[in-house]
Amino acid sequence: GPMSAAPEEPRVAYVISGFPLTFVTSEVDAHQQAGWSILPLSSSAPMPISHLSELERSWRKRTVYRPGIARMAVDVLMALCRHPIRSLAVLAFVFRLALASPSEAIKALYELGAAAHFAPRCRAFGANLVHVHFASRSLSLGLMLGILLDRPVTCTTHAFDLYTRPPRGLRFRLTRCAAVITISTFNRDYLAKVCGWDVAERTAVVHCGVDATRFPLVQRGPDARDIVSVTRLTPHKGLHIAIEACRVLRDRNVSATYRIVGDGEERADLQHRIREAGLSDRVRLEGARPNDQLLDVLAHSAIFVLPCVTLNNGDHDGIPVALMEAMATGMAVVSTPISGIPELIRHDESGLLVPERDPVALADALLRLLEDPALCARLGTGARQQIENAFCATQNAARLRGILAPFLAFQGSNSRRSTSAS
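Residues numbered from 1 in each chain as written. Predicted model: local features only at pLDDT ≥ 70, side-chain atom pairs only at ≥ 80, totals over all residues. Heavy atoms only, no water.

1. Some points on the overall build of the protein chain
Phase 1: Per the secondary structure count, the protein chain includes 18 helices and 13 strands.
Phase 2: Across its three principal directions, the C-alpha atoms of the protein chain cover 75 × 40 × 40 Å.
Phase 3: The 422 residues of the protein chain split such that 59% are buried.
Phase 4: In the protein chain, once contacts between residues fewer than 6 apart in sequence are set aside, the share between residues at least 24 apart is 77%.
Phase 5: Counting only carbon and sulfur atoms, one obtains 55% of the accessible surface of the protein chain, whose full area is about 16,700 Å².
Phase 6: Of note, the protein chain has its 47 positive side-chain charges centred 8 Å away from the centre of its 40 negative side-chain charges. (Helix = DSSP H or I, 4+ residues; strand = E, 2+ residues; numbered from the N terminus. Buried < 20%, exposed > 50% of the residue type's maximum accessible area, 1.4 Å probe, protein only. Contact = heavy atoms within 4.5 Å. Areas by Shrake-Rupley, 256 points an atom, 1.4 Å probe, with all protein chains shown as cover. Lys, Arg positive; Asp, Glu negative; His and termini not counted. Charge placed at Lys NZ, Arg CZ, Asp CG, Glu CD.)

2. Some points on the sheet that holds strand β7 (residues 203-205)
Phase 1: One open sheet holds the 7 strands; their spatial order is β3-β2-β1-β4-β5-β6-β7, and the pairing between them is parallel. Each edge of the sheet is formed by a strand with only one pairing partner; in this case those strands are β3 (64-65) and β7.
Phase 2: Relative to strand β4 (residues 129-133), strand β1 (residues 11-16) is paired through 4 bridges, and the arrangement is parallel. Its bridge partner lying in β4, V15 is registered against V132.
Phase 3: Against the sheet, helix α2 (residues 54-62) engages β2 (37-42) and β3, with an angle of about 80 degrees to β2. (Pairing = 2+ DSSP bridges. Axes fitted to C-alpha atoms, helices over the stretch in contact; angles between N-to-C directions.)

3. Some words on the pairing of strand β5 (residues 153-157)
Phase 1: Extensive coverage of β5 is indicated by the burial of 5 of its 5 residues.
Phase 2: Where β4 and β5 come together, 4 bridges link them in parallel fashion. Across the sheet, residue V130 finds its bridge partner in β5, namely V153.
Phase 3: Each parallel crossover has a hand, and for β4 linked through helix α6 (residues 137-149) to β5 it is right-handed.
Phase 4: One ladder, built from 4 bridges, connects β5 with strand β6 (residues 179-182); its direction is parallel. Of the residues in β6, the one forming a bridge with T156 is I181. (Right-handed = clockwise from strand over helix to strand, strands pointing away.)

4. Description of empty space enclosed by the protein
Phase 1: A full pass over the atoms with the stated rule returns 3 cavities of 30 Å³ or more.
Phase 2: Estimated volume of the largest cavity: approximately 140 Å³.
Phase 3: Looking at the largest cavity, it is lined by 15 residues, and the ones nearest its centre are E27, H207, C208, G209 and N396.
Phase 4: If you list the elements that add at least two residues to the lining of the largest cavity, you get α1 (22-33) and α18 (393-404).
Phase 5: Among the elements that take part in the lining of the largest cavity, α18 stands out by supplying 4 residues, more than any other.
Phase 6: Broken down by class, the residue content of the lining of the largest cavity amounts to 8 nonpolar, 6 polar and 1 charged. (1 Å grid on protein atoms, 1.4 Å probe; cavity = no way out; pocket = protein on both sides within 12 Å on 5 of 7 lines; lining within 4 Å. Points joined across faces, edges and corners; volume = space filled by probe spheres on them. Nonpolar A, V, L, I, M, F, W, Y, C, P; charged D, E, K, R; others polar.)

Such coordinate-based values are descriptive only and should not be taken to indicate function.
Now the structure itself:
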């Protein structure tokens, strides 16, 4: 059917697997404040409300979620009846994807029902563009949605979606995007390596960012001796290295407590390590907190640590947003020089970097900070400046809008595909 939006208003359908993620929420909120309309589409079940901030809750209410299988089957049949040519083009896309990567094609088939369900909602909304976060199944979903709507598709790539994917399936899908965005120069170089320069040179680097007003500069007293991590408890965060570093500190008679705020699959394993090392009096697992309650945690700690590691399958973090949030409050941070992290933390200017999987080097860095409040303060000032200069959510969302704006297909005029049939 005809799009119902007035041609001059940017209306973007946002596809993301686990909406709302903190950094995507601040991004879409910045778009909305700039006068863009956003329709969030989530291909996975909603997160429990208890883990969400107020802002995330408000966006969760507006998100369209994937329905049950029966409903999706009906949606696929409706799409075939109403838009037969575009529906066949979707099947042709899946077939060609299967030649490049059978595993990605199977995932795409799983997303077909969600694409058929989202399409009528996007038409009613008047979407001029489909923007996807993560080059995972979400991108296949977004590309199929783009075919059904005859709208261009753009994609922001992050970390796991690049490093753990078959390169041929990745290349096949990224070359079908009107624009590719990635969150670090490291990622862009990686894309050049696995997908070729033609993909890399169409890829713009836009860092994720934090809302510096939500994470203001905090004055910490000289008595603050807490070390803290705020993160999902997953293997590539390297928290077992931080626990081991705490044991090294204890053996050197250094008094410091370490708080781990967050939840995830590693919780039981980390708890076991803490007990085994006899650190139950110094290291506490505190569970997850909503994003808008983190400022309190950060304000009462002296040092933020996230010793990220690269896993055997090549998976690692992009540039963790938790590091940005801590740095925004003017906190001294310690991490490792992997992936895009050195783009955020300049060693000895905006934080400290230690080799990955090296608990002794990590303990040395923590001790250096615990013994030198002036160093903590200097790194904290540098950290805040780095966030204001390069990792501010509103500035980076504006950069993203600048990249997306030329691809907004108003009334089908500059759509990349010529399928005006159906």
